[in-house]
Amino acid sequence: MKAAPLAISAVLLIAACSAPDERRAPLATVAAVDLGRYAGRWHEIARYPNRFQRDCARDTTADYLPLGDGRLEVHNRCQRADGSEMSVRGVAEVDPRTNAQLKVSFLPAWLRWTGIGRGDYWVLYLSPEYRVAIVGEPSRTFLWVLARTPTLGDGELEALFPLIRAAGYNPERLLRAAR
């Protein structure tokens, strides 16, 4: 199984996400996230290029499942160029004040208790009907635009660009997802 490179890359991502960037204004999240409504499948519409997803050629999804203790199970999947699936499972600790700031770990369960290797996953925008989300992290190194459907309608991604810019990201860096 080729999950080891994905797991190692996820750990590197988490380490990079953990260091705040003091040069920028603090990153604002949505006021509150209803985890029951947020749960389920999200399709990647666009992302900042990153090493841990470099083998993802198309059909990238993230599934969130409430675990009943305030945490979420996270299952990320994508298709490689050769058609094989790449997949990794993790757990997200959720800030109970707003549910908008998650700390995600893709480390094996027996290592998660250490607290190392957790990455910030902050919900920066969430449409009122929970159909579209923008997710980032304080250093602004990583960014994802997610939707409940595999694609967005004409101009919907571009309509999010002002929100992306306002959060301190450059929408021109976005890599659009392939289907």
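Definitions and cut-offs
Note on numbering: residues in each chain are counted from 1, in written sequence order. With pLDDT at 70 or above as the cut-off, local features in this predicted model cover only qualifying residues; side-chain atom pairs require 80 or more to be listed or tallied, and sums for whole chains, interfaces and linings still use all residues. Neither water nor hydrogens contribute to the side-chain values; these are computed over all heavy atoms in the structure. Helix numbering and strand numbering both begin at the N terminus, where a helix is a DSSP run of H or I of at least 4 residues and a strand a DSSP run of E of at least 2. Throughout, exposure labels follow a simple rule: accessible area from a 1.4 Å probe, protein chains only, divided by the maximum for the residue type, with under 20% read as buried, over 50% as exposed, and the rest as partly exposed. Only heavy atoms matter for contacts: two residues are in contact if any of them lie within 4.5 Å across the pair. All accessible areas in this document rest on Shrake-Rupley with a 1.4 Å probe, and a residue is counted as covered only by the protein chains that are shown. Ring pairs shown here join Phe, Tyr and Trp side chains whose ring centres sit within 6.5 Å, with only the six-membered ring taken for Trp; geometry is labelled stacked below 30 degrees between planes, edge-to-face above 60, and tilted in between. The predictor reports its confidence for every residue as pLDDT, a score running from 0 up to 100. We call a pair of cysteine sulfur atoms a disulfide whenever their separation is within 2.5 Å. For this analysis, a nonpolar core means a set of buried residues of the types Ala, Val, Leu, Ile, Met, Phe, Trp, Tyr and Cys, connected via side-chain atoms within 4.5 Å. Pairs of N or O atoms are called polar contacts if they sit within 3.5 Å, as long as, within protein, a hydrogen donor faces a hydrogen acceptor (for residues adjacent in sequence, only side-chain-to-side-chain pairs). Just to be clear on terms, a salt bridge is a Lys or Arg side-chain nitrogen sitting within 4 Å of an Asp or Glu carboxyl oxygen.

> What should I look at first to understand the overall build of the protein chain in this one?
Counting secondary structure elements, the protein chain contains five helices and nine strands. Helices and strands appear in the protein chain in the N-to-C order α-α-β-β-β-β-β-α-β-β-β-α-α-β. Classification of the 179 residues of the protein chain by burial places 47% in the buried group. Once local pairs closer than 6 in sequence are excluded, the contacts in the protein chain between residues at least 24 apart make up 54%. Split by element, the accessible area of the protein chain, about 9100 Å² in all, is 57% carbon and sulfur.

> What am I meant to see in the packing of aromatic side chains here?
The relation between two aromatic rings is expressed through the spacing of the ring centres and the mutual angle of the planes. This structure, assessed with the given rule, holds seven aromatic pairs. Between Tyr 64 and Tyr 121, the aromatic rings sit 5.9 Å apart at their centres with planes inclined by 50°, giving tilted as the arrangement. One end of the pair, Tyr 64, is in strand β2 (residues 58-66); the other, Tyr 121, is in strand β6 (residues 118-126), and 57 residues separate them in sequence. Across the pair, exposure class does not vary: Tyr 64 and Tyr 121 are buried alike.

> What is the right way to read the confidence of the model for the protein chain from this model?
Low pLDDT means the predicted atomic positions in that stretch should not be read closely. Overall, the prediction assigns the protein chain a mean pLDDT of 87, with 82% of residues at 70 or greater. Between residues 1-23, whose pLDDT stays under 50, and residues either more than four places distant or in other chains, the model counts 33 contacts.

> Would you explain the state of the cysteines in this entry?
In a disulfide, the sulfur atoms of two cysteines are held together by a covalent bond. Overall, the coordinates contain one disulfide when judged by the stated rule. Paired by a disulfide, Cys 56 and Cys 78 hold their sulfur atoms 2.2 Å apart. Where Cys 56 bonds to Cys 78 through sulfur, the torsion about that S-S bond is close to -70°, and the disulfide is left-handed. With Cys 56 in the loop between β1 (40-47) and β2 and Cys 78 in strand β3 (residues 72-79), this residue pair connects regions lying 22 residues apart in the sequence.

> Mind showing me how you'd approach the nonpolar core here?
Across soluble globular proteins, nonpolar side chains have a tendency to be buried as a group. Grouped together as the largest cluster of nonpolar side chains are 26 residues, with contacts concentrated most on Val 33, Tyr 38, Tyr 64, Tyr 121 and Leu 126. Setting aside residues no more than four positions away along its own chain, Tyr 121 makes contact with Tyr 38, Tyr 64, Ala 100, Gln 101, Leu 102, Val 104, Val 135, Gly 136 and Leu 146.

> Whenever I open this one, the side chain of Arg 140 confuses me. Can you help?
For Arg 140, the location among the structural elements is in the loop between β7 (132-136) and β8 (143-147). Looking at Arg 140, its side chain comes within polar contact range of the main-chain oxygen of Ala 167, at 2.6 Å.

> I'm lost on the pattern of salt bridges in this one. Help?
Pairing of side chains with opposite charge becomes possible as their charged atoms draw close. Applying the stated criterion across every chain, the model contains 11 salt bridges. Residue Glu 44 is joined to Arg 47 by a salt bridge in which the shortest nitrogen-to-oxygen separation is 2.6 Å. Close ionic contact of Asp 69 with Arg 71 constitutes a salt bridge, the shortest N to O distance being 2.9 Å. Overall, Arg 71 belongs to the partly exposed group, its relative accessible area being 28%. Each member of the salt-bridge network shares a partner with another, and the members are Arg 41, Asp 63 and Arg 77.

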